[in-house]
Amino acid sequence: MTSIDLIKRRILVVGANGMLGQRVIEFYSVLNDVELLATSVEDKFVFEGLEYVQSDISNRTEIKKVIKDFCPDFIINAAAFTNVDLSETERELAWKINVKGAEYLSESARVLDSHLIHISTDYVFDGKNGPYSENDIPNPLGYYARTKLASENVLKISGIKYTILRTNVLYGTAKYSRPDFVKWVVDSLRAKKTIRIVDDQINNPTFIDDLVQGINKTVELRKEGIYNIGGNEFLSRFDFTIMIADFFNLDKSLISKIKTEALNQPARRPLKSGLITIKAQSELGYKPHTIIQTLELMKNELGL
Ligand SMILES: NC(=O)c1ccc[n+]([C@@H]2O[C@H](COP(=O)([O-])OP(=O)(O)OC[C@H]3O[C@@H](n4cnc5c(N)ncnc54)[C@H](OP(=O)(O)O)[C@@H]3O)[C@@H](O)[C@H]2O)c1
């Protein structure tokens, strides 16, 4: 090896077709010191020309083979059963993907000494007393939330190098997935549809690229443990919607306030929630954008 040869970091992205996964792929695919492999459950990959293997995280043999063959330095787990309400009735499936999946990744990471970066959620908290720091005591309200907390516990007892990044209300540019909250608001208001938005759920919405930044800081610094990754501003979903409407100059009279309870959703939601990011800012150098900056970025990239 000559001195100009690069030692490439081998990064496996699990759940690569998802809203977060595809943005992680876009970020790492342009770095020439990274050898990247994408995997997800679908037979097709949204990016042409990049290395992709189909695998089901809840199939122990399948996912372990993918990991053993690639031998990653880092495994980024962006795969999950993310339908919060459906998790109440599809309990077995949600458990298999969110908990057993994390267990199978951990088993392989232990054998290969890979560092597992796992994405979790503020839903591990009950929303009585947010925003939350990394040291607050979880108390999940619904089944999805319970599977996410259980997945964290899997990592904690695994003996591997792991990082749990908790995040909330992801939004941003993910061209090949379902519309994120911002695009949904913009599309609905432009189509003159009325939308009902809860004013009693408080969070700090997280721009997907800020979470990608948090993931990459973790990779660069090889930091382990739990970190909160969220946005700069804490506000209700209704106020977030008003900011979006103001920024894009849309008709705010189409937005009406509603209480979470009136939606009668199968899964309970944490209300006073959100994640304090001081630890990530001081230990990882994490620096989130402001909401206005992110809307500007989305406007330019998506042509909104
Ligand atoms: N979105 C949010 O607001 C939010 C908030 C807090 C935390 N999080 C966490 O952030 C992470 C990423 O979320 P996201 O919003 O990007 O979710 P997403 O868009 O639903 O992406 C999840 C990906 O995982 C794939 N997947 C599902 N089952 C799988 C399996 N058995 N094997 C392999 N892949 C499988 C999904 O495929 P299919 O689509 O085909 O099922 C999808 O491509 C998750 O851990 C989630 O819990 C998200």
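For the structure, see preceding data.
Residues numbered from 1 in each chain as written. Predicted model: local features only at pLDDT ≥ 70, side-chain atom pairs only at ≥ 80, totals over all residues.

## A word on the site of the ligand
Link 1 in the chain: Within the structure, the ligand sits among 26 residues, and Gly-15, Gly-18, Met-19, Leu-20 and Ala-80 are positioned closest to it.
Link 2 in the chain: Listed by contribution, the elements that provide at least two residues to the shell around the ligand are α1 (19-29) and β5 (115-121).
Link 3 in the chain: Per-element tally for the shell around the ligand: the top contributor is α1, with three residues.
Link 4 in the chain: Broken down by class, the residue content of the shell around the ligand amounts to twelve nonpolar, eleven polar and three charged. (Near = placed C-beta within 6 Å. Helix = DSSP H or I, 4+ residues; strand = E, 2+ residues; numbered from the N terminus. Nonpolar A, V, L, I, M, F, W, Y, C, P; charged D, E, K, R; others polar.)

## Comments concerning α1
Link 1 in the chain: The buried count for α1 comes to eight of eleven residues, which makes it a mostly enclosed element.
Link 2 in the chain: Residues of α1 that are buried include every one of Met-19, Leu-20, Gly-21, Gln-22, Arg-23, Val-24, Ile-25 and Tyr-28, and no others. (Buried ≥ 20, exposed ≤ 12 C-beta atoms within 10 Å, placed from the backbone.)

## Quick look at the pairing of β5
Link 1 in the chain: With respect to burial, β5 is a largely interior element, seven of its seven residues being buried.
Link 2 in the chain: Residues His-115, Ile-117, Ile-119 and Thr-121 point to one face of β5 and Leu-116, His-118 and Ser-120 to the other, with burial holding for every one of them.
Link 3 in the chain: Relative to β5, strand β4 (residues 74-77) is paired through four bridges, and the arrangement is parallel. From the neighbouring strand, Ile-75 faces β5, where its bridge partner is Leu-116.
Link 4 in the chain: In terms of strand pairing, β5 meets strand β6 (residues 161-167) through seven bridges, oriented parallel. Pairing of Ile-119 across the sheet is with Leu-165, part of β6.
Link 5 in the chain: Handedness of the β-α-β unit built from β5, helix α5 (residues 143-156) and β6 comes out right-handed. (Pairing = 2+ DSSP bridges. Right-handed = clockwise from strand over helix to strand, strands pointing away.)

## Section: the environment of Ala-78
Link 1 in the chain: In this structure, Ala-78 sits in the loop between β4 and α3 (86-89).
Link 2 in the chain: Accessibility expressed as a C-beta count within 10 Å gives 24 for Ala-78, which makes it buried.
Link 3 in the chain: Spatially, the C-alpha atom of Ala-78 lies 7.3 Å from that of Gly-18, the residues being 60 residues apart in sequence.
Link 4 in the chain: Discounting chain neighbours no more than four positions away, the residues touching Ala-78 are Val-13, Val-14, Gly-15, Gly-18, Leu-20, Gly-21, Val-24 and Ile-119. (Contact = placed C-beta atoms within 7 Å.)

## Examining the nonpolar core
Link 1 in the chain: Membership of the largest hydrophobic core comes to 77 residues, with the highest contact counts inside it found for Val-13, Val-14, Val-24, Ile-75, Ile-76 and Ile-208.
Link 2 in the chain: Counting residues per element, this core draws most heavily on helix α4 (residues 91-112), at seven residues.
Link 3 in the chain: Beyond its immediate stretch of four places on either side in the chain, Val-14 contacts Thr-39, Ile-57, Ile-75, Ile-76, Asn-77, Ala-78, Ala-79 and Leu-105. (Core = buried A, V, L, I, M, F, W, Y, C linked by C-beta atoms within 7 Å.)

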